[in-house]
Amino acid sequence: QQQQQQQNQDASVQGINVSQFVVINSSIQLFQQYPQLRQHVAAAINQAIKEIIAPVVERSVTIACITTRELILKDFVFEQDDVMKNAAHMMVQNLAGSLAL
């Protein structure tokens, strides 16, 4: 399951392209002399984002899972398993989403 999640993350990261958002000041002499460098800067930024997203998401999910486990065990110790499972599922989704931002 963890391998499947990693593959899903890799697939979603593959779709990121920041080149349309990269704005380079046209008065920079280096980019006037070598305009092809604009593409390389955009590619470097894109690669840096791809490299950092997976560890950040993984860390957020890990923190959310540990936090959820501890809170659910404390708060729902006398509840039925279905109630505990539903509460844990909702909590980990919200925590992981918030932490990843």
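Read on for an overview of the structure.

### Details of the overall build of the protein
Logical step 1: Helices and strands together make up the secondary structure of the protein, namely four helices and zero strands.
Logical step 2: Ordered by position in the sequence, the α and β elements of the protein form the string α-α-α-α.
Logical step 3: Here the analysis covers contacts within the protein between residues at least 6 apart in sequence; of these, 57% occur between residues at least 24 apart.
Logical step 4: Element-wise, carbon and sulfur atoms account for 56% of the exposed surface of the protein, whose accessible area totals about 7900 Å².

### Focus: helix α3 (residues 37-75)
Logical step 1: In this model, α3 (39 residues) spans 56 Å end to end at C-alpha, consistent with the 57 Å of a helix rising 1.5 Å per residue.
Logical step 2: Three or more residues of α3 are buried, namely Ala-42, Asn-46, Ala-54, Ser-60, Ala-64, Thr-68 and Ile-72.

### Focus on the pattern of salt bridges
Close approach of charged atoms lets side chains of opposite charge pair.
Logical step 1: Applying the stated criterion across every chain, the model contains two salt bridges.
Logical step 2: Across the salt bridge formed by Glu-70 and Arg-69, the nearest N and O atoms sit 3.1 Å from each other.
Logical step 3: Among the residues examined, Arg-69 registers a relative accessible area of 46% and is labelled partly exposed.
Logical step 4: Of the charged contacts, one joins Lys-74 and Asp-75 as a salt bridge, the two residues approaching to 2.5 Å between their closest N and O atoms.

### A closer look at the side chain of Thr-68
Logical step 1: Within the secondary structure, Thr-68 is located in helix α3.
Logical step 2: Using a relative accessible area of 4% as the deciding quantity, one classes Thr-68 as buried.
Logical step 3: Sequence-distant contacts of Thr-68, defined by excluding residues within four places in its chain, comprise Ala-88, Met-91, Val-92 and Leu-95.

Parameters and conventions
The residue numbers shown here count from 1 along each chain, following its written sequence. The model is predicted, so local features are restricted to residues of pLDDT at least 70 and side-chain atom pairs to those at 80 or more, both for listing and for counting; the totals for chains, interfaces and linings are taken over all residues. As a convention, hydrogens and water are excluded, and side-chain values are obtained from all of the structure's heavy atoms. By the criteria applied, helices consist of DSSP H or I runs no shorter than four residues and strands consist of E runs no shorter than two, each listed in order from the N terminus. Contact criterion: two residues are considered in contact whenever any of their non-hydrogen atoms come within 4.5 Å of each other. A 1.4 Å probe and the Shrake-Rupley method give the accessible areas. Residues count as covered only by the protein chains that appear here. Expected span of a helix, by definition, is 1.5 Å for each gap between consecutive residues, and there is one gap fewer than residues. Throughout, exposure labels follow a simple rule: accessible area from a 1.4 Å probe, protein chains only, divided by the maximum for the residue type, with under 20% read as buried, over 50% as exposed, and the rest as partly exposed. Any carboxyl oxygen of Asp or Glu that lies within 4 Å of a side-chain nitrogen of Lys or Arg is treated as forming a salt bridge with it.

Any link to function would need more than the numbers given here.
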